[in-house]
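# Understanding the architecture of this molecule
Chain by chain, the residues run as shown.
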Amino acid sequence: MNNQTAWWKKSVVYQIYPKSFYDSDGDGFGDLNGIREKLSYLEKLGVDVIWLNPIYESPQVDNGYDISNYKKIEPQLGTMEDFDMLLKEAHEKGIRIILDLVVNHTSDKHPWFTEAKKGKENPYHDYYIWKDTIPNNWGSSFGGPAWEYVEETAQYYLHLFAKEQPDLNWENPKVRKEVQEILRFWLEKGIDGFRMDVITLISKDPAYPDGPVIQNKAYGSYYAGCASGPRVHEYLQEMNREVLSKYDIMTVGEAPHTSADEAAPYTASDRHELNMVFHFDHMHLDYDENGKYAKNRVKLTDLKEVMTKWQDTMHECDGWNSLYWSNHDQARAVSRFGNESEPYRVKSAKMLGTILHMMQGTPYIYEGEELGMTNVRFDRIEDYRDIETLNMYRGRLEAGAEKEDIMNAVYAKSRDNARTPMQWNAQDNAGFTTGIPWLGVNPNYKEINAEKESKDPDSVYQFYRRLIRLRKTYPVFTDGKFELLLPEDEQIFAYTRTDRETELLVCANFMKEPAKCSLPAQWQDAEILIHNYKGAVADELRPYEAVMLLRKRQGK
Ligand code: NOJ
């Protein structure tokens, strides 16, 4: 391995949704001091980097993705002193911290916006995107139109998300300077990078074209006029030149509606933009006419094709992949891609971990994934908190859908599946809080929790610890070329990773039915690095069996 290999290529990132991680003061909300108390847990797991979802002051319309002050900590989560201590203590343990940068939009309570809407002459007016008449058919991501009228200015402003999240006008150089200031503020504190929220949407097509009306929606899709807009690369290169390049950090951009080919210019090392992006191609595979809220299962052959395309493209352009099955916006990995029912949950969670962590890229573990936490099923819609879920429910009900159908969609895809509190132990509220949790705990916490899994050598948690450790053993994990095997097989996910000295083979059964699969002769005596069943690999892969083998290449 090249000695210069960037640290973030060798790292495993752990995503923390602070509100749901651990509550240190009994108010029902997770907080920064709660994360401090759990640093040893993360150290033991072996992760290198923590990504914190937004921790800044926010009215919480979209759980912190609506920021009213970028340089203050949200009081529910703690204080700046708590943050400084968290950063210091994490660094002492060798764990880096990256923050969420949300600068496509602010909160409507941000002083820039409260000023901006006072009148067209206000110096902040041009910080946002205003039109005298509605220019197109765009709908917002959370339902309803993407344009909102303001009486004071007699204009409409753009909001791709909730109306409380007005979009910033990146055409205005003052906005870009403000963002640079925010970046510097946090980087000077010593943080280790940023996850950039919907960063590929910051440059809008000045023609504001109509978007296609798809997925039973009432409005047009804004992506045609926003995804990878005309000036996005210029903006990112400017940000990189002025600020990011001056620090030893990592950056990962959230990139909805970005294909692997479109992602190459964002991540290719000679472009000096971002280190990697989160793509959505594998997340979209189970969409139906209702979009995300579908109950389909992903077809394995499609999944393999998408993952392979990203592996190949990033390898060829000298870019880098981010590897994830889940995050705070998605269903739980084991429920969506594996099998949450017994007796398959543990095996399938380990299988998913094996497949993902051995690909080329930086793996992201979403809190609770290392325990095999599952989706939740609250009986009543009133028990859900997420704006996207609640708006979807209301919208579909108004359109005449059956309650039961909508609830099934919620069970499959609500963002609250991922946001239920972390399951620490079998005590009340899974040990997350001594108060009333802001969102209910998944009732399966007595079975699935960190304390139990730490003591069980066969748990998902212990398996993830081994996966994380393994990645640090051979350079082939970082640099090896990926090659998909059996692309047409509807049950087996198998691939190799190869460098000059070593070859890895990952072979997994994605289904509960056994799958015939004999190892090629050269692999018969290979070393088993990790395996979610005991003993040797037979001619048939058992339900969700996953194994990784290593061999030295002949003559090397
Ligand atoms: C993507 C974030 O991950 C999601 O949680 C949020 O609602 C939107 N961006 C808007 O910021």
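Summarised in this report is the structure supplied together with it. (Residues numbered from 1 in each chain as written. Predicted model: local features only at pLDDT ≥ 70, side-chain atom pairs only at ≥ 80, totals over all residues. Heavy atoms only, no water.)

A word on the layout of surface pockets. One number sums up the size of the largest pocket: a volume of about 1,400 Å³. The wall of the largest pocket is formed by 47 residues, among which Ser140, Ser141, Phe142, Gly143 and Lys217 lie closest to the centre. Per-element accounting of the lining of the largest pocket gives the leading share, seven residues, to helix H12 (residues 387-398). Counted as a void, the second largest pocket has a volume near 430 Å³. Taken together, 22 residues form the lining of the second largest pocket, with Ser335, Glu340, Asn375, Tyr411 and Ala412 sitting closest to its centre. Here the residues of the lining of the second largest pocket are counted per class, giving seven nonpolar, eight polar and seven charged. (1 Å grid on protein atoms, 1.4 Å probe; cavity = no way out; pocket = protein on both sides within 12 Å on 5 of 7 lines; lining within 4 Å. Points joined across faces, edges and corners; volume = space filled by probe spheres on them. Helix = DSSP H or I, 4+ residues; strand = E, 2+ residues; numbered from the N terminus. Nonpolar A, V, L, I, M, F, W, Y, C, P; charged D, E, K, R; others polar.)

The next subject is the site of the ligand. Lining the immediate environment of the ligand, one finds 13 residues, of which Asp62, His105, Asp197, His328 and Asp329 sit closest. In the environment of the ligand, an oxygen atom lies 2.8 Å from a nitrogen or oxygen atom belonging to the side chain of His328. Contact distances for the ligand include 2.5 Å between an oxygen atom and a side-chain N or O atom of Asp329. Look at the ligand: alone it shows 300 Å² of surface, and the protein chains cover 97% of it. Grouping the amino acids of the shell around the ligand by side-chain chemistry returns four nonpolar, two polar and seven charged. (Near = heavy atom within 4 Å. Polar contact = N/O pair within 3.5 Å; in protein donor to acceptor, adjacent residues only side chain to side chain. Areas by Shrake-Rupley, 256 points an atom, 1.4 Å probe, with all protein chains shown as cover.)

Now for unusual backbone geometry. Here Glu342 and Pro343 are connected by a cis peptide whose omega angle stands at 5°. Even without being glycine, His257 reaches a positive phi, approximately 50°. Take His257: it is sitting in the loop between strand E10 (250-254) and helix H8 (260-267). At Leu486, a residue that is not glycine, the phi angle is positive and equals roughly 45°. Here Leu486 is to be found in the loop between strand E14 (481-485) and strand E15 (492-498).

One can describe the packing of helix H11 (residues 345-357) onto helix H16 (residues 460-471) by two numbers: an axis separation of 10 Å at closest approach and a directional angle of 15°. Here H11 is positioned roughly parallel relative to H16, judged by the angle of their axes. Where H11 crosses over H16, the two elements pack in a sense that is right-handed. The residues of H16 that touch H11, namely those facing Val346, Ala349, Lys350, Gly353, Thr354 and His357, are Val460, Phe463, Tyr464, Leu467 and Arg471. (Axes fitted to C-alpha atoms, helices over the stretch in contact; angles between N-to-C directions. Parallel < 35°, antiparallel > 145°, perpendicular 65-115°, else oblique. Left-handed = near helix turned anticlockwise from the far one by under 90°. Contact = heavy atoms within 4.5 Å.)

Turning to the sheet that holds strand E1 (residues 13-16), a few remarks are in order. The strand order E11-E10-E9-E5-E2-E1-E13-E12 describes an open sheet built from eight strands, whose pairing is parallel. Two strands lie at the open edges of the sheet, namely strand E11 (276-278) and strand E12 (322-323), each paired on one side alone. (Pairing = 2+ DSSP bridges.)

Turning to the pairing of strand E20 (residues 546-552), a few remarks are in order. A large share of E20 lies buried, amounting to six of its seven residues. Where strand E16 (residues 502-509) and E20 come together, seven bridges link them in antiparallel fashion. Looking across to E20, one finds that Thr502 is bridged to Lys552. Across four bridges, the pairing between strand E18 (residues 527-531) and E20 is antiparallel. Looking at the pairing, Ile528 lines up with Leu549 of E20. (Buried < 20%, exposed > 50% of the residue type's maximum accessible area, 1.4 Å probe, protein only.)

Okay, the sheet that holds E20 next. Strand order in the open sheet made by the five strands is E14-E15-E16-E20-E18, with antiparallel pairing throughout. Each edge of the open sheet is held by one strand with a lone partner, namely E14 and E18. For this sheet, the mean inter-axis angle between neighbouring strands, taken without regard to orientation, is 20°. Set on the sheet, helix H9 (residues 300-316) makes contact with E14 and E15; between it and E14 the angle comes to about 160°. Where H11 meets the sheet, its contacts fall on E15, E16, E18 and E20, and the angle it forms with E16 comes to roughly 145°.

Once that is clear, we can look at the state of the cysteines. A complete count under the given rule lists zero disulfides for this structure. Not part of a disulfide, Cys507 finds its nearest cysteine sulfur in Cys517, a span of 3.7 Å. A residue is classified by how much of its surface remains accessible, and Cys507, at 4% relative accessible area, is buried. (Disulfide = S-S within 2.5 Å.)

With that settled, consider empty space enclosed by the protein. Enumeration over the complete set of coordinates arrives at six cavities of 30 Å³ or more. The computed volume of the largest cavity comes to approximately 90 Å³. When its residues are assigned to classes, the lining of the largest cavity shows four nonpolar, four polar and two charged.

Turning next to the packing of aromatic side chains. Any two aromatic rings considered together are summarised by their centre-to-centre distance and by the angle between their planes. Summed over all chains, the structure comprises 35 aromatic pairs. Each ring, one from Trp138 and one from Tyr208, has its centre 5.5 Å from the other, and the planes form 45°; the classification is tilted. You can see Trp138 sitting in the loop between strand E6 (130-131) and strand E7 (147-150) and its partner Tyr208 sitting in the loop between strand E9 (193-196) and helix H6 (223-226), a full 70 residues away along the chain. Residues Trp138 and Tyr208 agree in their burial class; the two are buried. The rings of Tyr56, Tyr70, Phe83, Trp112, Tyr124, Tyr127, Phe185 and Trp186 are connected pair by pair, giving a single aromatic cluster. (Phe/Tyr/Trp six-rings, centres within 6.5 Å; stacked < 30°, edge-to-face > 60°.)

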